[in-house]
There are 2 protein chains.
Amino acid sequence: MQFKIIKTDNYARLGKIAASRGVINTPAFMPVGTNATVKAMTPGEMKELGTEVLLSNTYHLYLRPGHDIIRDVGGLHRFMQWDGPILTDSGGFQVFSLAKLRKIKDDGVEFRSHIDGSLHFLTPELVMDIQGALGSDIAMVFDECTPYPADKEYALNSLMLTTAWARRCKEAKNDNQALFGIVQGGMFRDLRKQSAQELMKIDFDGYALGGLSVGEPKELMYEMINYTTPLLPQDMPRYLMGIGDLLDVLEAVAAGIDMFDCVMPTRNARNGTLFTSQGRISIKREEFKKDPGPLDPYCTCYTCMNYSRAYLRHLYLSREILSMRLNTNHNIHFFLEFFRKMREAIGNGAFNSFREEQTPVLEGNFNG
Amino acid sequence: MQFKIIKTDNYARLGKIAASRGVINTPAFMPVGTNATVKAMTPGEMKELGTEVLLSNTYHLYLRPGHDIIRDVGGLHRFMQWDGPILTDSGGFQVFSLAKLRKIKDDGVEFRSHIDGSLHFLTPELVMDIQGALGSDIAMVFDECTPYPADKEYALNSLMLTTAWARRCKEAKNDNQALFGIVQGGMFRDLRKQSAQELMKIDFDGYALGGLSVGEPKELMYEMINYTTPLLPQDMPRYLMGIGDLLDVLEAVAAGIDMFDCVMPTRNARNGTLFTSQGRISIKREEFKKDPGPLDPYCTCYTCMNYSRAYLRHLYLSREILSMRLNTNHNIHFFLEFFRKMREAIGNGAFNSFREEQTPVLEGNFNG
């Protein structure tokens, strides 16, 4: 995997990751395909929308269908018929947020499956084996996601565990797979710095910020992003895990982050919340009942080119599967277009004016 | 609307309906788009699969979003972006099977909505107005679906009501819309004959058999189909409502039926039951867990050309929306291909051997 910075605009970076299965233009948005599919979408549709990289979840695929099955049928790309780059997370966050009866030990984490209550024990080595079986292009180290709030002692012990596990993951690294470290350290600047330095000594192909957007106030999250990001190597990709609110994305890109993933566009779509050039729309609103116009008159996606708000509202209220399809298609298009325009702005040295222009739109709710 | 018989093979007929929005080759299968969408599918996908006509439900669209809204946005074709022919049923069957607290009066039927319990009164004139608002290519008369079992007195009164309503529907007929009568009469040959004769006197563009597959034994249903179908005009389309089990289709085509609709391919798809050249498959079965092969090695649909049984099983067990999409795509393809091959067989005077060849496949359940 190679990373090249094409242009910087203050701290914001325009770059390219050359992965074995294709180029990823950064700042990049990675749509989430938790169960080996982006919910409601085919891989062909994702490609047509301009997706360059998908994220898939190690925790979910380990539990179902099981990584051995995916290995047997030729890996995740073949299983789900996506031939572009895939980043797999390590399961650290899901063990923290989804699993039950979690017990953190030096060796790994014992937990019960959120699906069937079965008992499991994930170790750094097993997590690397799972990601190897999946055959993703970029793997993540197994980390402990430090909860919020956590006192300094807890956060320190947690980051030391993450460092130790990161070292073990590096030793168990798979061939032909890039490996990223994950910076923890809770909400403490010095611990974030310590975590970053320890990981950099181990030497990874890229670095992520973890343990953010876990309940802390936005200002605290922004402080951690702005403080930690410049500590990471200039010449490697930087990934802010699980964050996709576009206002947060603007803040993070301004700090020098290159990669993002989030379920926001897909989950919101299924709940009827749609992103438009005039702000967010809740498609179920009465005012759209007879509205013959497109969701967003400035949008060129399949949904907006073909269907009326009246139809989209009807599908949503009827709980039709096509509602989730059309809404997801639109929101993914919106996110990828947003990132494309943001990259263009950085390329033109105009990131700040892009940010100023987009902020009121992103803050707004459309009122018909 | 014009109907031409190209070839007959005993009672089986190969024909063409030239509707204003396109040609329908008969025997035809009409996939069901209840809420102005075939569940999980886009109209473009339905067209690519070779769909020539869709059925949509008057009862559902009247209740939600309301026919006035669809009229206001330019009719059902525009609303759902399907530019081929649409047949709308009359709501008679849904009032019978879905609505609550149904009261049948001379003038029409009072009932409560299955969605929100609201009170409604459907009359023949209102049903024609609704179908006019939808702008379907073929409308159906409002009928009373005679329940099973019904004694002869009930069945006679019911058919007389259906005849009276059929006459009122004919008087309220919309321009540029074909109108089909619906033969009732319960399980009584003489009443079926009486119903057919009364409707033929009113003179419709086609004739349907209603009130079948409502709980009666198969032999009785087959007896009614075989007895009634030849009583209908030779030179007009004959439609067997709501029946799509392919064994029943073979029986009915042998009797001279031209049109069918059924939720079976779409509903079964969502439940994980898939039609293949080797019989039905339940995709959730353990034996498909690691199966790298396609659902049906002889099938050329998108699902079979791209995905493994292992993946389809995983999607189904994970309740992914893509599961419903891929399964529906496959089942619709299977049904449309079945009808295409059946038409080819009739054209070649080989319907009987087609029927003999298909029967064991349709009866079979695939065992891996």
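Rules behind the numbers
- Residues numbered from 1 in each chain as written.
- Chains lettered and ligands numbered in written order.
- Predicted model: local features only at pLDDT ≥ 70, side-chain atom pairs only at ≥ 80, totals over all residues.
- Helix = DSSP H or I, 4+ residues; strand = E, 2+ residues; numbered from the N terminus.
- Rg over C-alpha atoms; globule rule 2.2 N^0.38 Å.
- Buried ≥ 20, exposed ≤ 12 C-beta atoms within 10 Å, placed from the backbone.
- Contact = placed C-beta atoms within 7 Å.
- Nonpolar A, V, L, I, M, F, W, Y, C, P; charged D, E, K, R; others polar.
- Least-squares fit on C-alpha atoms with pLDDT ≥ 70 in both.

1. So, the overall build of chain A
Consideration 1: Check the secondary structure of chain A and you find 15 helices and 16 strands.
Consideration 2: A compact globule built from 368 residues would reach a C-alpha radius of gyration of about 21 Å, and chain A, at 20 Å, matches this within 12%.
Consideration 3: Dimensions along the principal axes, computed over C-alpha positions, put chain A at roughly 60 × 45 × 40 Å.
Consideration 4: Scored against the burial criterion, the 368 residues of chain A give a buried share of 55%.

2. Re the interface of chain B and chain A
Consideration 1: If you look at the interface, chain B gives 30 residues, while chain A gives 30 residues.
Consideration 2: Looking at the side of chain B that touches chain A, the elements that each hand over two or more residues are α3 (67–72), α4 (76–80), α13 (309–317) and α14 (321–347) of chain B.
Consideration 3: At 5 residues, the largest contribution of residues to the side of chain B that touches chain A is made by α13 of chain B.
Consideration 4: Tallied by class, the residues present in the side of chain B that touches chain A amount to 16 nonpolar, 8 polar and 6 charged.

3. Comments concerning the relation of the copies chain B and chain A
Consideration 1: Note on the copies: chain B fits chain A at an RMSD of 0.0 Å, the axial shift is 0.0 Å, and the rotation between them is 180°. Each copy turns onto its partner about a two-fold axis. No C-alpha of chain B approaches the rotation axis more nearly than that of I321 of chain B, which lies at 3.6 Å.

4. Describing helix α6 (residues 124–134) of chain B
Residues and elements named next belong to chain B.
Consideration 1: Across the 11 residues that make up α6, a large majority, 8, are buried.
Consideration 2: Residues of α6 that are buried include every one of P124, V127, M128, I130, Q131, G132, A133 and L134, and no others.
Consideration 3: Note on α6: the residue one or two positions beyond its end, G135, has a positive phi of about 75°.

5. A word on unusual backbone geometry
Residues and elements named next belong to chain A.
Consideration 1: In this model, R64 is joined to P65 through a cis peptide bond whose omega is 10°.
Consideration 2: Positionally, P65 belongs in the loop between α2 (58–63) and α3 (67–72).
Consideration 3: With an omega of -5°, the peptide bond between Y148 and P149 qualifies as cis.
Consideration 4: Along the chain, P149 turns up in the loop between β10 (138–140) and α7 (152–171).
Consideration 5: One non-glycine residue, R319, adopts positive backbone phi at about 55°.
Consideration 6: Looking at the element boundaries, R319 is found in the loop between α13 (309–317) and α14 (321–347).

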